[in-house]
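Architecture and fold: a report
Residues per chain, in single letters:
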Amino acid sequence: MTQIMKTPQAELGKLYGLRRIKGYYRLTGLLAHLDQYGQPWWQMRLSDCTGTLVVDYRPSQLDSLAANDPQSALPWGIRHGGLVQVEAKLTQQETTGFFTGKLVWLQPVLEVHSLPILAKMPVLSTLPRSHCPRPELLDQLVMRVRDLKCEWLQRFVSRVLEQSQVAVGFISVPASYRYHHAYAGGLLAHSLEIMSTLAVLPSLCDSEREVAMVAGLLHDLGKAWALTAEGETTELGYMVAHEHLTLELCGPALVWLDQRAPELALMLRHIWSNMTSGTRFNHQPVLPIVHAVRMADQLSANQDNNRHWPKPIHLSTIVVSDQTALRSLHG
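Quick look at the structure, then. Not measured: the values here are computed from a predicted model.

1. Structural notes on the environment of F98
- If you trace the backbone, F98 turns up in the loop between strand 4 (83-92) and strand 5 (99-109).
- Given the relative accessible area of 59%, F98 is considered exposed.
- Expressed as a C-alpha distance, the spacing of F98 and L53, which sit 45 residues apart in the sequence, is 8.9 Å.
- Setting aside residues no more than four positions away along its own chain, F98 makes contact with T91, Q92 and Q93.

As structure tokens, this is what we get:
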């Protein structure tokens, strides 16, 4: 695989010693103000996987406005959760030690233009820490994905999770409304538990294990569209099953993976198509690793939902060595 040169930029959680930054970040907050002359200005919250920075945006002081953008308006293309390219001067507050900034350049990045930019950045750099209820889980997610030996799978996960319509939801919504991991950030917690379980199964070779880990991580991705952070079902969630939304959200990245590692794309499709009842191969999947992913999913849900009233889990569908590993993890 051709190595891609990574574009260095300041991490928002590591700003000490810096007076100016330039890079690509997620816009996760916007607050409008009027100055003493009645001119509008905004405070913007920028975020990446390491931290958050609040910056002042005063259009009259920028040189990045397009010809059709009036100085009293936000640039066209600005949206919550979207990617923006910025340059800002930093100020550290003497009393708190926190950093604030003043924008000197701002350019929204359209979704269609984001993929070449993300491909040059470290994987999952732009996931917004500001919207993750449990930041330590975000750190774990970034570490686990970057530790994958297969760079095609690393980039696949990046292409899926760093979509603007996914980046916020995946790390903030619950895994369910009432059943298991029914709290903000529960989907991320559930997905990482599955990934951790699959990482130690002895029956899988390295390539199978990593495919299973990625499949487990993303198997409930559709809930990022189907649920709100409060656990309420969205209009889309009422109309379309989250399993189908998962395949839709992964679709463009699967097409990309088809051109580079088609066997990996085929395995991922097969696993996700056999995670729930009523599918073509549900009772007898072609690939044995489907059983492992299903079991890791069931164990995570059972452990969270019934920690005080444990129920027996039937492990007869997976190999003996994996049964031992799963029992040692989940009791």
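2. Examining the side chain of Q163
- Following the sequence through the fold, Q163 ends up in the loop between helix 3 (151-161) and helix 4 (164-172).
- Look past the residues within four positions of Q163 in its chain and what remains in contact with it is E111 and L249.

3. Regarding the pairing of strand 5
- Relative to strand 5, strand 3 (residues 52-57) runs parallel, the two being bridged by 3 bridges. Bridge pairing links D56 to K102 in strand 5.
- Summarising the sheet, strand 4 and strand 5 pair through 10 bridges and their orientation is antiparallel. Looking across to strand 5, one finds that E87 is bridged to W105.

4. Looking at the sheet that holds strand 2 (residues 40-47)
- Sheet architecture is closed into a barrel: 5 strands sit in the order 1-2-3-5-4, paired in mixed fashion. Averaged over all pairs of adjacent strands, the angle between strand axes in this sheet comes to 50°, irrespective of strand direction.
- By the bridge criterion, 7 bridges tie strand 1 (residues 20-34) to strand 4 in an arrangement that is antiparallel. Residue Y25 lies in a different strand from strand 4, and its bridge partner there is V84.
- Each of strand 1, strand 4 and strand 5 is contacted by helix 1 (residues 111-118), which is oriented at about 115° to strand 5, the strand it contacts most.

5. Side note on the nonpolar core
- L141, F156, L161, F170 and L268 are the most contacted members of the largest nonpolar core, which has 58 residues in total.
- When contributions to this core are tallied by element, the ones reaching two or more residues are helix 2 (135-146), helix 3, helix 4, helix 5 (186-198), helix 6 (206-218), helix 9 (242-258), helix 10 (262-273) and helix 11 (289-305).
- I21, W42, I78 and A88 belong to the second largest nonpolar core, which has 21 residues in total.

6. A word on the pairing of strand 1
- Bridge count between strand 1 and strand 2: 8 bridges; the pairing is antiparallel. By the bridge assignment, G29 is partnered in strand 2 with R45.
- Where strand 1 folds back onto strand 2 in an antiparallel hairpin, the turn is made up of 5 residues, including G38, whose phi is positive at roughly 80°.

7. Looking at the packing of helix 6 against helix 10
- It is at 10 Å that the axes of helix 6 and helix 10 come closest, and there the two elements cross at 45°. Looking at the two axes, helix 6 sits oblique to helix 10. Crossing angle aside, the handedness with which helix 6 passes helix 10 is right-handed. Counting all contacts with helix 6, which are made through E208, V211, V214, A215 and L218, the residues of helix 10 involved are L264, M267, L268, I271 and W272.
- Considering only residue class, the contact of helix 6 with helix 10 consists of 9 nonpolar, no polar and 1 charged.

8. Side note on helix 11
- With 17 residues, helix 11 should reach 24 Å at 1.5 Å per residue; the first-to-last C-alpha distance of 24 Å fits that figure.
- Of all 17 residues that make up helix 11, 13 are buried, and the element is covered over most of its length.

9. Structural notes on the packing of aromatic side chains
- One pass over the structure, following the stated rule, counts 4 aromatic pairs.
- On the numbers, 5.3 Å between centres and 75° between planes, the contact of Y16 with F99 is edge-to-face. Here the residue Y16 occupies a position in the segment before strand 1, and F99 occupies one in strand 5, the gap between them amounting to 83 residues.
- A residue is classified by how much of its surface remains accessible, and F99, at 15% relative accessible area, is buried.

10. Quick notes on unusual backbone geometry
- The backbone of L124 shows a phi angle near 65°, a positive value even though the residue is not glycine.
- Position of L124 relative to the elements: it lies in the loop between helix 1 and helix 2.
- Residue L124 is classed as buried on the basis of its relative accessible area of 0%.

11. Observations regarding the pattern of salt bridges
- The final tally for this structure, using the stated rule, is 9 salt bridges.
- R79 is paired through a salt bridge with E111; the nearest N and O atoms lie 3.1 Å apart. With R79 in the loop between strand 3 and strand 4 and E111 in helix 1, this pair connects stretches of sequence that are 32 residues apart.
- K223 is paired through a salt bridge with D220; the nearest N and O atoms lie 3.1 Å apart.
- The class of K223 is buried, set by a relative accessible area of 10%.
- Each of K149, D206 and R209 takes part in a single network of salt bridges with overlapping partners.

What counts and what doesn't
Residues numbered from 1 in each chain as written. Predicted model: local features only at pLDDT ≥ 70, side-chain atom pairs only at ≥ 80, totals over all residues. Heavy atoms only, no water. Helix = DSSP H or I, 4+ residues; strand = E, 2+ residues; numbered from the N terminus. Buried < 20%, exposed > 50% of the residue type's maximum accessible area, 1.4 Å probe, protein only. Contact = heavy atoms within 4.5 Å. Pairing = 2+ DSSP bridges. Axes fitted to C-alpha atoms, helices over the stretch in contact; angles between N-to-C directions. Core = buried A, V, L, I, M, F, W, Y, C linked by side-chain atoms within 4.5 Å. Parallel < 35°, antiparallel > 145°, perpendicular 65-115°, else oblique. Left-handed = near helix turned anticlockwise from the far one by under 90°. Nonpolar A, V, L, I, M, F, W, Y, C, P; charged D, E, K, R; others polar. Expected span 1.5 Å × (residues − 1). Phe/Tyr/Trp six-rings, centres within 6.5 Å; stacked < 30°, edge-to-face > 60°. Salt bridge = Lys/Arg side-chain N within 4 Å of Asp/Glu carboxyl O.

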